[in-house]
Amino acid sequence: MSADRGRKSVPIFAVVITLVTLYLAGQSAVAVNGADQVAEPYQFREMPIPMPEGYEDQPMKDIRQVNPDYEHIQAWISAIGASVAINDLTGNGRASSLCLVDPRTDDVVVTHTPTAPQQDRFEPFVLDPAPLPYDDTMAPTGCTPGDFNMDGRMDLLVSYWGRTPILYLAKSDATTVSDDAYQRQELVPSNSADGRYHGPKWNTDAVHVSDFDGDGRPDIFIGNYFPDSDVLDPDGMKNVEMMLSMSSGTNAGGGHVLRWHSATSGEQPSASYVPEPKAIPYEAATGWTLAASGADLDGDGLPELYIANDFGHDHLLHNRSTPGSIRFGLAEGSGSPLTPKSFVLGDDSFKGMGVDFGDPTSKGSFDIMVSNITVAWGLQESNYLWENQTGSTAEMRERLAAGEAPFTQRAEEYGLAWTGWCWDVKFGDFLNDGDLAIVQADGFIKGERNRWNWLQELATVNDVLMSNPAMWPNMQEGDDLAGDDVLAFYAQKPDGRYVNISEQLGLDVPVPSRAIATGDTTGTGALDFAVARQWAPPSFYKNESEDLGSALTLRLYRPTEDDAASGEAGELTGLSGLGSPAYGATVTVTTPDGREQVSRLDGGGGHSGFRSFEVRFGLGEETGPVRARLNWRDTDGQLREQTMELDPGTHSLVLSDSARKVSDR
């Protein structure tokens, strides 16, 4: 063979090697050895979710009305909106209530879990925003439970496309969960003299609630996708656009932070939140945000914030707040010359669509799992498992303060890189053995006509044209993109790698899913989960796994505003719980064999699925007490830390200047 001929063969050889590598990589996502054995201990039973009477008999949609400039991509615009949350709305101490957003009706449905004991049950109902202004150019996208006025009763925050979120605050005289039990209030004040909505036209896809400024009260991050515009108005203005590029879209609605200011309880409760426009650096506040979550990475009682953006960089924000002032600083990763650009935290171009914090290797520090588009032969990016590279919270604090994000991307090494068109993601210990499983929503548009070729052509469009909706290929009713992708359930093998056992567990329903919510809905120590699906009924899966290990479940509260003012606990009536959720509290558990696990009270975060407020630890065969180190900020902004010896089981603790056990209701 001549030298010239050999040189001509090199490019062909390189292409063949690349294709073979991609093929093998794609196969590894679905053909991992050991799945049957790993799946054997797990067992889930799907149960019907109680819905309002006659709900399924009404007309159901499978696509939305949109702005005229979006009409030819109507299916794409209609592909988001399903949401699910598990929490305790009754005040009885069990996470046996559900709040659902169903795109088929654009209704917010409040109901109980099918596993709820009789005393936790109530008549399912649709949450009506009236008398606040609302019309058919708006649609709900999320339902986040929380105690937003800190009176010990669980409220609901509903986000929307086409308007700012609405707070539904539980009334003090309500004795059962019902539509009349909630006082409606705008989260962002606006005037309506004519009964119509005149506030900002936010298009929200992400909500995260935590105590950002360390004053012991819940603050709110709102992540918007489209810029403020008439997305769902068929008679709307020509004010809509798409992203600036496939990799660096910074022309979106982005992030807003609202700080808790004041509140009242009673028969007409209220909560006042004020915007913190300087909380997030500008370069991190203009993305196409699809998910957000947070955890205290450096042990100072202030949660860091991860923002997952579509079509552009994700951001890890270091919390530098003080009581009454919320401020975040950018923290960015680094890599060697051989590190792919998108494997550097903060410099990626992948499609961040879900995020959760957890400790999957039981090292006592948080890692971060992020969903991206990972469709073999489609848009094969990679999910992220950002592995914490620090040895202590003190080291993490020093590096974050220097603007460094000390995380390494290791999804492929753990078997988590490729799932499909991914959305919400949640860690959870479903066997109580101390090993976290991962549940991941999957799938985009279900139809009959495969449109991958059109999407791949779009990916080659010049960035100058990308933001113009007219340049996008048709994506309409009946078109399909990853429509048969199924829910993923990743469990750990003995070697620490994960394997997707969704098929073995019967969870592989070929219907696009969007949101995951987890909770111990029976108070027995078994973790159940619910799934919100796009243009299909939601699903509930009861955990019937045998031989569950022991578990430590902590229900963490702060004194209510009224209790704090009076100095003593008030009477529990109606929907009252033992206190207000201890937003931002972190717990590290050490078992007698030296194993450490860290978790936190998750006030709500991810894409559009919200877990319950219990802080859970699987203990396996441990039957004796374990050491639990609690870290929190009190309502005076003081950092508190306390170590307790706790037996397996459920414990309710009130966190003020110290942690004290209280009796369940």
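Remember, predicted model here, so these are calculated numbers, not experimental data. (Residues numbered from 1 in each chain as written. Predicted model: local features only at pLDDT ≥ 70, side-chain atom pairs only at ≥ 80, totals over all residues. Heavy atoms only, no water.)

Peer 1: Which parts of the structure should I look at to understand the overall build of the protein chain?
Peer 2: Secondary structure assignment for the protein chain yields eight helices and 40 strands. Since a compact globule built from 665 residues should have a radius of gyration of about 26 Å, the 24 Å found for the protein chain is in line with a globular shape. Dimensions of the protein chain, computed from the C-alpha atoms along their principal axes, are close to 90 × 65 × 50 Å. Counting the 665 residues in the protein chain, one finds 62% classified as buried. Long-range pairs, those at least 24 residues apart, make up 65% of the contacts in the protein chain between residues at least 6 apart in sequence. Carbon and sulfur atoms form 48% of the exposed surface of the protein chain, whose accessible area is close to 24500 Å². Within the protein chain, the 98 negative side-chain charges are centred at a point lying 3 Å from the centre of the 49 positive side-chain charges. (Helix = DSSP H or I, 4+ residues; strand = E, 2+ residues; numbered from the N terminus. Rg over C-alpha atoms; globule rule 2.2 N^0.38 Å. Buried < 20%, exposed > 50% of the residue type's maximum accessible area, 1.4 Å probe, protein only. Contact = heavy atoms within 4.5 Å. Areas by Shrake-Rupley, 256 points an atom, 1.4 Å probe, with all protein chains shown as cover. Lys, Arg positive; Asp, Glu negative; His and termini not counted. Charge placed at Lys NZ, Arg CZ, Asp CG, Glu CD.)

Peer 1: I would appreciate a short explanation of the nonpolar core in the present structure.
Peer 2: Soluble globular proteins tend to pack their nonpolar side chains together in the buried interior. Ranked by size, the top nonpolar core spans 62 residues in total, and within it Tyr-182 and Leu-556 carry the most contacts. Examining the composition of this core, we find that five residues originate from one element, strand β8 (residues 166-170), more than from any other. Here this core gathers at least three residues from each of two domains, domain 2 (60-543) and domain 3 (550-661). Discounting chain neighbours no more than four positions away, the residues touching Tyr-182 are Leu-89, Phe-125, Leu-127, Met-154, Leu-156, Tyr-168, Leu-169, Ala-170, Lys-171 and Val-177. Counting 61 residues, the second-largest nonpolar core is a separate cluster that includes Met-243, Trp-288, Leu-379 and Val-439. (Core = buried A, V, L, I, M, F, W, Y, C linked by side-chain atoms within 4.5 Å. Domains from an automatic or database assignment.)

Peer 1: When you look at the sheet that holds strand β27 (residues 498-500) in this model, what are you seeing that I'm missing?
Peer 2: Backbone-to-backbone hydrogen bonds pair the strands of a sheet. The strands run either parallel or antiparallel. Taking strand neighbours across the sheet as the criterion, the four strands line up as β22-β23-β26-β27 in an open arrangement whose pairing is antiparallel. What marks the edges here is a single partner per strand, and that holds for β22 (422-428) and β27. Averaged over all pairs of adjacent strands, the angle between strand axes in this sheet comes to 20°, irrespective of strand direction. Strand direction decides the pairing type here: β22 and strand β23 (residues 437-442), joined by five bridges, are antiparallel. Note that in β23 the partner of Gly-428 across the bridge is Ala-437. (Pairing = 2+ DSSP bridges. Axes fitted to C-alpha atoms, helices over the stretch in contact; angles between N-to-C directions.)

Peer 1: For this particular structure, what's the right way to read the state of the cysteines?
Peer 2: Should the sulfur atoms of two cysteines be covalently bonded, the bond is a disulfide. Overall, the coordinates contain one disulfide when judged by the stated rule. Shown here is the disulfide that connects Cys-99 with Cys-143, its sulfur atoms set 1.9 Å apart. Taking the sign of the S-S torsion, about 90° here, the bridge from Cys-99 to Cys-143 comes out right-handed. Of the two residues, Cys-99 is situated in strand β3 (residues 97-102) and Cys-143 in strand β6 (residues 139-146); the sequence distance between them amounts to 44 residues. Accessibility classification places Cys-99 together with Cys-143 in one group, the buried group. (Disulfide = S-S within 2.5 Å.)

Peer 1: For this particular structure, what's the right way to read the sheet that holds strand β19 (residues 367-371)?
Peer 2: As summarised here, the arrangement of the four strands in space is β18-β19-β20-β21, forming an open sheet in which the pairing is antiparallel. Of all strands in the sheet, those with a lone pairing partner are β18 (354-358) and β21 (407-409), marking the two edges. Neighbour-to-neighbour, the strand axes of this sheet turn through a mean angle of 20°, independent of strand direction. Pairing of strand β20 (residues 384-388) with β21 involves three bridges; the strand directions are antiparallel. Paired with Asn-388 across the two strands is Phe-407, which belongs to β21.

Peer 1: Whenever I open this one, unusual backbone geometry confuses me. Can you help?
Peer 2: Glycine aside, residues mostly have negative phi, and peptide bonds are mostly found in the trans state. The omega angle of the peptide bond from Ala-130 to Pro-131 is 15°, so this bond is cis rather than trans. Mapped onto the elements of the fold, Pro-131 is located in the loop between β5 (125-126) and β6. Even without a glycine there, the phi angle at Ala-482 is positive, about 55°. For Asp-547, which is not a glycine, the phi torsion comes out positive at approximately 55°. Here Asp-547 lies in the loop between β30 (539-543) and β31 (550-558). For Asp-547, a relative accessible area of 78% gives the class exposed.

Peer 1: I would appreciate a short explanation of the pairing of strand β14 (residues 288-295) in the present structure.
Peer 2: Here is the key point about a regular strand: its side chains alternate between the two faces of the sheet. Burial within β14 is extensive, with eight of its eight residues counted as buried. Where β14 lies against strand β15 (residues 304-310), seven bridges are found, and the strand directions are antiparallel. Each bridged residue has a counterpart across the sheet, and for Trp-288 the counterpart in β15 is Asp-310.

Worth remembering: the numbers are spatial, not functional.
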